[in-house]
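# Structural characterization, general
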Amino acid sequence: MYIIDQSPTSRIGDLEYGPGHVFPFGATLMFDGVNFSVFSKEATSCTLVLYHHGQKTPFQEIPFPDAFRIGNVYSMMVYGLNIETTEYGYRFDGPNDPKKGLRFDRSRVLLDPFARSISGRSVWGVEPDSTNPFQHRGQIIREDYDWRGDKPLEIPPSDLVIYEMHLRSFTQHPSSEVRHRGTFAGLTEKIPYLKALGVNCVELMPIFEFDEFENSREVNGRRLVNYWGYSTVGFLAPKAGYAASAPFGLESDELRHMIRTLHQNGIQVILDVVFNHTAEGGEGGPSISFKGIDNRTYYLLTPDGDYLNYSGCGNTMNCNNPVVRNMMLGCLIYWVSVFHVDGFRFDLASILSRDEKGVPMMNPPLLESIAGDEVLGKTMLIAEAWDAGGLYQVGKFPAYGRWSEWNGMYRDCLRRFIKGDAECLPEMILRIRGSDDLYGQRGPTASINYVTCHDGFTLYDLVSYNEKHNWDNGEGNRDGSDYNASWNCGAEGSTDDPEINALRMRQMKNMLTVLFTSRGIPMILSGDEFANTQYGNNNAYCQDNEISWLDWNQLETYRDMFDYVRRLIAFRKAHPVLRAESYDFSHNGTGYPELSFHGTRAWDLDEHSPGLSFAYMYAEDHARYCTDSDAFIYVAVNAYWKAQRYTLPILPEGFRWRLAFETSDVSNDLDVERPLEDQSGIVLGPRTTAVLIAGMSTF
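Anyway, here's the lowdown on the structure attached to this text. (Residues numbered from 1 in each chain as written. Predicted model: local features only at pLDDT ≥ 70, side-chain atom pairs only at ≥ 80, totals over all residues. Heavy atoms only, no water.)

### Focus: the overall build of the protein chain
Condition: Runs of E in the DSSP output that reach at least two residues are strands. Runs of H or I that reach at least four are helices, and both are numbered from the N terminus. Buried means the residue's accessible area, taken with a 1.4 Å probe over protein chains only, is under 20% of the maximum for its type, while exposed means over 50%, and partly exposed covers the values in between. Areas reported here follow the Shrake-Rupley algorithm with a probe of radius 1.4 Å; residue values treat only the protein chains shown as occluding. Asp and Glu are treated as the negative residues and Lys and Arg as the positive ones, with His and the ends of the chain left uncounted. To locate a charge, take atom NZ for lysine, CZ for arginine, CG for aspartate or CD for glutamate.
Each helix and strand in the protein chain was counted, giving 15 helices and 33 strands. Projecting the C-alpha coordinates of the protein chain onto the three principal axes gives extents of approximately 90 × 55 × 50 Å. Considering the protein chain as a whole, with its 699 residues, one finds that 63% of them fall into the buried category. Of the accessible surface of the protein chain, which amounts to about 26000 Å², a share of 50% is contributed by carbon and sulfur atoms. Positive and negative side-chain charges in the protein chain, numbering 63 and 92 respectively, have mean positions lying 1 Å apart.

### Some remarks on the nonpolar core
Within soluble globular proteins, side chains that are nonpolar tend to cluster in buried spots. The cut-off we apply is this: Residues belong to one nonpolar core when they are buried, are Ala, Val, Leu, Ile, Met, Phe, Trp, Tyr or Cys, and are joined through side-chain atoms within 4.5 Å. A contact between two residues is defined here by any heavy atoms of the two lying within 4.5 Å.
Counting 202 residues, the largest nonpolar core has Phe36 and Phe346 as the members making the most contacts within it. Considering every element that reaches this core, the biggest residue donor is helix α6 (residues 322-339), with 11 residues. With residues up to four places along the chain from it excluded, the contact list for phenylalanine 346 reads Val273, Phe275, Leu332, Leu352, Ile370, Leu381, Ile382, Ala383, Glu384 and Trp403. Judged by nonpolar contacts, the second largest core, of 19 residues, contains Ala615, Leu651, Ala690 and Ala694.

### A closer look at the environment of tyrosine 145
Rules: Each polar contact in these results corresponds to two N or O atoms within 3.5 Å; when the atoms are within protein, one needs to be able to donate a hydrogen and the other to accept it, and residues that are neighboring in sequence are counted only if both atoms are side-chain atoms.
Structurally, the position occupied by tyrosine 145 is in the loop between β13 (137-139) and β14 (162-165). Each C-alpha atom of the pair tyrosine 145 and phenylalanine 571 lies 38 Å from the other, and the pair is 426 residues apart in sequence. If we ignore the near neighbours within four places in the chain, the residues touching tyrosine 145 are Asp253, Arg256, His257 and Arg260. Engagement of the side chain of tyrosine 145 in a polar contact is seen with the side chain of arginine 260, the distance being 2.9 Å.

### Focus on the pattern of salt bridges
Cut-off, in case you're wondering: Salt bridge criterion: a side-chain nitrogen from Lys or Arg within 4 Å of a carboxyl oxygen from Asp or Glu.
Taken as a whole and judged by the stated rule, the model has 38 salt bridges. A salt bridge links arginine 121 to aspartate 211, with the shortest nitrogen-to-oxygen separation between them at 2.8 Å. You can see arginine 121 sitting in the loop between β12 (118-119) and β13 and its partner aspartate 211 sitting in the loop between β16 (208-210) and β17 (217-219), a full 90 residues away along the chain. The two residues arginine 121 and aspartate 211 agree in class, both being buried. Taking the shortest distance from any N to any O, the salt bridge between arginine 345 and glutamate 384 comes out at 3.0 Å.

### A few points about the side chain of aspartate 272
With respect to the helices and strands, aspartate 272 occurs in strand β20 (residues 268-273). Accessibility expressed as a relative area gives 2% for aspartate 272, which makes it buried. There is a polar contact of 2.9 Å between the side chain of aspartate 272 and the side chain of arginine 345. Apart from residues lying up to four places away in sequence, aspartate 272 is in contact with Leu204, Met205, Pro206, Tyr230, Arg345, Asp347 and His454.

### Considering helix α8 (residues 408-419)
Rules: Any helix carries an expected span of 1.5 Å times its number of residues minus one.
Counted at 1.5 Å a residue, the expected span for α8 with its 12 residues is 16 Å, and the 17 Å between its end C-alpha atoms agrees. Buried residues of α8: Gly408, Tyr410, Arg411, Cys413, Leu414, Arg415, Phe417 and Ile418, and no others. Two residues or fewer after α8 comes glycine 420, characterised by a positive phi angle close to 125 degrees.

### Thoughts on the sheet that holds β13
Note the following rule: Pairing between two strands requires that DSSP report at least two bridges joining them.
Spatial strand order, β6-β5-β9-β13-β12: five strands in an open sheet with antiparallel pairing. Edge strands, defined here as strands with exactly one partner in the open sheet, are β6 (60-63) and β12. Sheet topology note: the strand β5 (residues 45-52)/β6 ladder contains four bridges and is antiparallel. Looking across to β6, one finds that leucine 48 is bridged to isoleucine 62.

So far we have only geometry, and geometry alone does not tell us how the molecule works.
Here it is as structure tokens:
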């Protein structure tokens, strides 16, 4: 709330109103009224439209007097509103000339782009009233949540283990056994599981308000929806349908409680933000807000007024326009300051580097502003460094010393190598090193390493399908990537063949073992830790059903897999050498290089030649990393289809090798590291990975 010295100057019906404050934009509850402020450069007039909750007809409309407009901002203070029952929008008048990019229509009521709560989709999946012309409405909320001392955690990026999830999918399946399935409250109930797994950061797919009924349709008896939410309606409002309490207007508090409880358990929150486009689509798309408020400011347009489409979704936001840039920066500051969010992953972030003609910029003002902002100074910034217009910036994203990137090159290389592509070995070495060829000036934490994410096959499907199976999406299996670098291990889909199933388990563990022993920040997809499947669908963007929902029964079926991932995460946390923030591989206090690569014979590897069997060793200097003693970690990777013997590096006096992990082990007895009987070497079976650890001998 703001305490102000202001009095109403006019009355309309039962309401009084007067001049407002230009900032902040949106509807803000003040001491004795509600301040409404909205921008439009080219409108000739603006009217505030007020509704009682759920009513089609407004109970009052208040035109902004000319005196209430300063520059290009309309602001007004309204007194006497019952904020619990009020919804609002705006009418903008002005020229309608689409060929010039002008799309004003006074007959249409529009959503406030700065609305902090949006009604219309308060309960997920409830069919909207198609006769209601004003579907998405702003609501007025109190910002009075008691954080009880909470703040963003600021975990060092090098220590992060990121767990990407879809908020609804995580708990919507009945087997999740939570009270409020598919909601912020449901995720809160599952925090003990996340803590047991060991992840310390959740990356949530879009939770900004979106319309699940966008492009909704029936296919084979199933209702398909906009399930993933990469089509934003409002950038400052939580998705109401993700809150059990949304019908009571408490979605913001429910989200805050979830974040506070995650923080209490040492888990950060990263939000997936979609600034590259909006839900308004192209020429035939709806006018929800931006199109009718100031189309030429907010979108990239051709000289004929058509929408440039670098997003693949019909429109592209004019990200480096000063007004749009300030809106986006303000949005991020709001989520960090008001919701205590720890970081952001930016969808198709390369679009954020394009100028008003769509041309990539060397020094994009938006990216520089985000990187240098005072409030965002400790906030994690992650770019998906490409877009649908062909711009690919992995390793070249304008980082300003702050940005990390989803490393798609890591993903592709690791998939291909474990599958059996010997040509990938030279690149595989670079990726394990932290991709110093890409991020040499930025350090390993610039690289978000991953094998799978929401977009594509799950880890289980990656080893179970040669081809995508997206027929249920109703697009003739044409959607989704045709390039997956997957291998079904001998049968397409589910099989009862024990040898194939055993190989699939090894392949999944092989990839995860390399992932968690690579320099950089590891990220896993939710459900991969217990072999979740989407039945070969690599683009489940529209599937609100068992294809997308995590089946928690799988946790017991694949308990061995879960335990393996849990132990890998704990192992990474226990050894800071795996999380180093520099590319210094020189000899350290152990007398060995901090990171070295080997063939099946120690110290004998041509790093520039193809191969399928290699190893790498970390030498952990206790003085540098403040550990109890020196340690050596040796990872042997055999992607070959025959067994291989590895001769091991000779250790200093008193050090002996112990087996920490072996992907072919199915005995579930590796919770305790086992000493190697033969200290000179180890034999790995076909397509198997092992991790050895050596410290001062205690046996």
